[in-house]
Amino acid sequence: MTTLTGCIYDRVPPQAMLVNSRNAPVTLTLTGVDVEPKEFPASEGRAVWGADGKPIKGDGVCEGDGFVVTDTATGAVLGTSDEPVCGDTLIRVKEDGTVTY
């Protein structure tokens, strides 16, 4: 007799993240939506929160019409995007201050 076993795999929904590899904090501002700018400490990665006060996660779930990343101390703009932040968005702030997403 053969017994087949299976496992149920619950896929974790994607979640928008910002990873700050700099030695200084950055601030993320979502544009086109009423969300307070959020500071991301140096050398950390954290979830990006939406207007409902929860992390932006899920397939096809997006917020805003773009974002701006600034140096928290100086206010200098490090990067911008005119794309919404979605559940699968990963914003990376490199050590040199360049921003990719």
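Residues numbered from 1 in each chain as written. Predicted model: local features only at pLDDT ≥ 70, side-chain atom pairs only at ≥ 80, totals over all residues. Heavy atoms only, no water.

## Considerations on the nonpolar core
Rules: The criterion is simple. A nonpolar core is a set of buried Ala, Val, Leu, Ile, Met, Phe, Trp, Tyr and Cys residues joined through side-chain atoms within 4.5 Å. Buried means the residue's accessible area, taken with a 1.4 Å probe over protein chains only, is under 20% of the maximum for its type, while exposed means over 50%, and partly exposed covers the values in between. The helix count covers DSSP runs of H or I at least four residues long, the strand count covers runs of E at least two residues long, and both are numbered beginning at the N terminus. Two residues form a contact once any of their heavy atoms are found within 4.5 Å.
Within the largest apolar cluster, 15 residues are counted, with the highest numbers of intra-cluster contacts made by Leu-18, Leu-28, Leu-30, Val-48, Phe-67 and Val-69. Secondary structure elements with two or more residues in this core: strand E2 (26-31), strand E6 (66-71) and strand E9 (90-93). At 3 residues, the largest contribution of residues to this core is made by E2. Discounting chain neighbours no more than four positions away, the residues touching Val-69 are Leu-18, Val-26, Thr-27, Leu-28, Ala-76, Val-77, Leu-78, Gly-79, Ile-91, Val-93 and Val-99.

## With respect to the environment of Ala-47
In this fold, Ala-47 is placed in strand E4 (residues 44-47). In this structure Ala-47 comes out as buried when scored by relative accessible area, which is 13%. Between the C-alpha atoms of Ala-47 and Gln-15, which are 32 residues apart in sequence, the distance is 6.9 Å. Setting aside anything within four residues of it in sequence, one finds Ala-47 in contact with Gln-15, Ala-16, Met-17, Phe-40 and Pro-55.

## Points about unusual backbone geometry
Although it is not a glycine, Ser-43 adopts a positive phi angle of roughly 55°. You can see Ser-43 is positioned in the loop between strand E3 (38-40) and E4.

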